[in-house]
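Each chain, written out:
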Amino acid sequence: MIIIKTIKELKNIIRSNKKQGHSIGFVPTMGFLHEGHLSLIRAAKKENDLVVVSIFVNPTQFGVGEDFEAYPRDLDNDAKVSEAAGADVIFNPSINEMYPEKYQTYVEVLEITNKLCGLSRPTHFKGVTTVVNKLFNIVEPDRAYFGQKDAQQVAVLQKMVLDLNMNIDIIPCPIVREADGLAMSSRNTYLSPEQRNAALILSKSLFTAKDMINKGGREAAEIKETIIKMINSEPLAAIDYVEIVDALSLNDIPTLKGSILIALAVKIGKTRLIDNIRAEV
Ligand code: AMP
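Now for a look at the structure at hand. Residue numbers restart at each chain and count upward from 1, following the sequence in its written direction. The predicted origin of the model limits local features to residues at a pLDDT of at least 70 and limits the giving and counting of side-chain atom pairs to 80 or more, whereas totals for whole chains, interfaces and linings rest on all residues. Values shown for side chains rest on all heavy atoms present in the structure; no hydrogens or waters enter the calculation.

Only the six-membered ring of Trp is used, alongside the rings of Phe and Tyr, when aromatic pairs are assigned; centres must lie within 6.5 Å, and planes under 30 degrees apart are stacked while those over 60 apart are edge-to-face, with the rest tilted. With the rule as written, the count across this model stands at seven aromatic pairs. Centre to centre, the rings of Phe26 and Phe136 are 6.3 Å apart; their planes meet at 70°, and the pair counts as edge-to-face. Of this pair, Phe26 sits in strand E2 (residues 24-29) while Phe136 sits in helix H6 (residues 124-139), and the two are 110 residues apart along the sequence. Each member of the pair Phe26 and Phe136 is classed as buried. Judged by centre distance (5.7 Å) and plane angle (90°), the rings of Tyr103 and Tyr106 are edge-to-face. Three or more aromatic residues joined by ring pairs make a cluster, and in this case those are Phe56, Tyr99, Tyr103 and Tyr106. A cation sits over an aromatic face here: Arg73 above Phe68, 5.2 Å from the ring centre. Under the scheme used here, helices are H or I runs from DSSP no shorter than 4 residues and strands are E runs no shorter than 2 residues, and both carry numbers assigned from the N terminus. Relative accessibility decides the category of a residue: with a 1.4 Å probe and only protein chains considered, values under 20% of the type maximum give buried, values over 50% give exposed, and everything between is partly exposed. Charge over a ring is defined by NZ of Lys or CZ of Arg lying within 6 Å of the ring centre and within 35 degrees of the ring normal.

Spelled out as structure tokens, the structure:
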């Protein structure tokens, strides 16, 4: 496995792989890799000849006052674990490599970004779609792997690929959880032991909601109320949002039907955590 820092070098590798007819799988990440990221790398390895993993803490997707500086970084360990999971190339550019002086081009998806996480992070998805677009142009992947953990991100990127006629398959991969249910996240490292325990209320409330649906519950308001009550019973938790939406459009649905996404964002202390669950009804 090789670590590449420049766009030029990576483009050369991509060009020679394309010439040989190799398929390219791409896993974009911000690093500090855990089993959730590694599941994407393993999935990419199964389906492609060359697996490229990008590790780039992308400043444009962080809002003012968010955790860009504090975001955890550990390239040495990332290199070790991603190689073991099947990565062939790590792309780890500097900020200046991705956004040189006088950079001025952004890619924005409109409606679908104006809900859920987009409400409390109004500039976030513009940063995501811009960096992913740039990375897609550099890596030219056949398939790109994203976690359902960031369900809105998957929906936004699917819309971007569709609207901009990109020849890239977006492959959504299931959420990887700790044994006790907590969705894995690089941000879990911010949590104290008490907060880590309190954070279990996210997955617990989602599993309860899933149970309600499995038992025939179809009223979004009722299910939402149960989730909100459970989270509010945890003193360390403060709700950002709890929404029950159509999984593709992310539009509200009062009565559950079709592919449903129950998504939530909750602050535990200063740490904002997200989680979600899918249901087919
Ligand atoms: P990040 O490094 O947080 O930007 O995440 C990089 C990719 O890993 C994104 O596609 C995430 O959705 C995915 N990911 C993060 N956490 C998980 C998880 N617990 N399970 C599955 N995928 C995840």
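Here the narrative resumes.
Quick look at the packing of helix H9 (residues 200-214) against helix H10 (residues 220-232) now. Lines fitted to C-alpha atoms define the axes, with helix axes restricted to the stretch in contact, and inter-axis angles between N-to-C directions lie between 0 and 180 degrees. Direction vectors running N to C along H9 and H10 enclose 155°, while the axes themselves pass 9 Å from each other. Between H9 and H10, the angle falls in the class roughly antiparallel. Like other packed secondary-structure pairs, H9 and H10 cross with a definite hand, here right-handed. Contacts between H9 and H10 involve Ile201, Lys204, Ser205, Thr208, Ala209, Met212 and Ile213 from the former and Glu222, Ile223, Thr226, Ile227, Met230 and Ile231 from the latter. Throughout, the ten residues Ala, Val, Leu, Ile, Met, Phe, Trp, Tyr, Cys and Pro are labelled nonpolar, Asp, Glu, Lys and Arg are labelled charged, and all others, Gly among them, are labelled polar. Taken together, the residues of the contact of H9 with H10 break down into eight nonpolar, three polar and two charged. Note that the term roughly parallel is reserved for angles under 35 degrees, roughly antiparallel for angles over 145, roughly perpendicular for angles of 65 to 115, and oblique for everything else. The hand of a helix crossing depends on one turn: near helix anticlockwise from the far one by less than a right angle means left-handed, and clockwise means right-handed. Any two residues having at least one pair of non-hydrogen atoms within 4.5 Å are treated as being in contact.

A regular strand places its side chains so that they alternate between the two faces of the sheet. Sheet analysis places strand E5 (residues 143-147) next to strand E6 (residues 169-173), joined by five bridges and oriented parallel. When the sheet's bridge partners are listed, Ala144 is paired in E6 with Ile170. Look down the strands so they point away from you; if going from the first strand over the helix to the second traces a clockwise path, that crossover is right-handed. Of the crossover connections in this fold, the one passing from E5 over helix H7 (residues 151-163) to the parallel E6 is right-handed. Two strands are said to pair when DSSP picks up at least two bridges between them.

Read across the open sheet, the three strands follow the order E7-E8-E9; overall the sheet is antiparallel. Strand pairing shows two members of the sheet lacking a second neighbour, strand E7 (237-246) and strand E9 (271-280), which therefore form its edges. Here the average twist between neighbouring strands, direction ignored, is 15°. Pairing analysis gives 10 bridges linking strand E8 (residues 259-268) to E9, with the strands arranged antiparallel.

Taking 1.5 Å per residue, 13 residues should reach 18 Å; H10 reaches 18 Å between its end C-alpha atoms and fits that length. By the burial criterion, the buried members of H10 are Ala220, Ile223, Ile227 and Ile231. All buried residues of H10 fall inside an arc of 75° around its axis, so they share one side. Structural note: H10 exposes Ala221, Lys229 and Asn232 on the side pointing more than 90 degrees away from its buried face. By this rule the span expected of a helix is its residue count minus one, scaled by 1.5 Å. The directions from the helix axis to the C-beta atoms form the arc being described.

Grouped together as the largest cluster of nonpolar side chains are 46 residues, with contacts concentrated most on Leu10, Val52, Phe91, Met98, Val132, Phe136 and Phe146. The element that contributes the greatest number of residues to this core is H6, accounting for eight residues. Source of the domain bounds: an automatic or database domain assignment. When residues of this core are assigned to domains, at least three fall in each of domain 1 (2-173) and domain 2 (186-275). For Leu10, the residues in contact, after removing those within four places along its chain, are Ile4, Val89, Phe91, Ile138 and Val139. Throughout this description, the term nonpolar core refers to a set of buried Ala, Val, Leu, Ile, Met, Phe, Trp, Tyr and Cys residues connected via side-chain atoms within 4.5 Å.

In this structure, Ser192 sits in the loop between E6 and helix H8 (193-198). Look at Ser192 and you get partly exposed, because its relative accessible area is 26%.

The next subject is the sheet that holds E6. Judged by pairing direction, the sheet is parallel, and its six strands sit side by side in the order E1-E4-E3-E2-E5-E6 without closing on themselves. Edge strands, defined here as strands with exactly one partner in the open sheet, are strand E1 (2-4) and E6. The mean inter-strand angle of the sheet, taken between neighbouring strand axes irrespective of direction, is 25°. Against the sheet, H6 touches E2, strand E3 (50-55), strand E4 (89-91), E5 and E6, its axis set at about 150° to E2. Contacting E5 and E6, H7 crosses the sheet at an angle of about 170° to E6.

Next up on the list: the site of the ligand. In the region of the ligand, 17 residues are neighbours, and His37, Gly147, Asp150, Val176 and Met184 sit closest. Counting of polar contacts relies on pairs of N or O atoms within 3.5 Å, with two restrictions inside protein: one atom must be capable of donating a hydrogen and the other of accepting it, and residues adjacent in sequence are counted only when both atoms are side-chain atoms. Residue Met30 places a main-chain N or O atom 2.9 Å away from an oxygen atom belonging to the ligand. In the model, a nitrogen atom of the ligand is placed 2.8 Å from a nitrogen or oxygen of the Val176 main chain. Look at the ligand: alone it shows 480 Å² of surface, and the protein chains cover 93% of it. Sorting the residues of the shell around the ligand by element identifies E2, helix H2 (35-47) and E5 as the ones contributing at least two each. Partitioning the shell around the ligand into residue classes produces nine nonpolar, six polar and two charged. Residues are counted as near a molecule or strand when any one of their heavy atoms sits within 4 Å of it. In short, Shrake-Rupley with a 1.4 Å probe defines the accessible areas, and a residue's cover is counted only from the protein chains shown.

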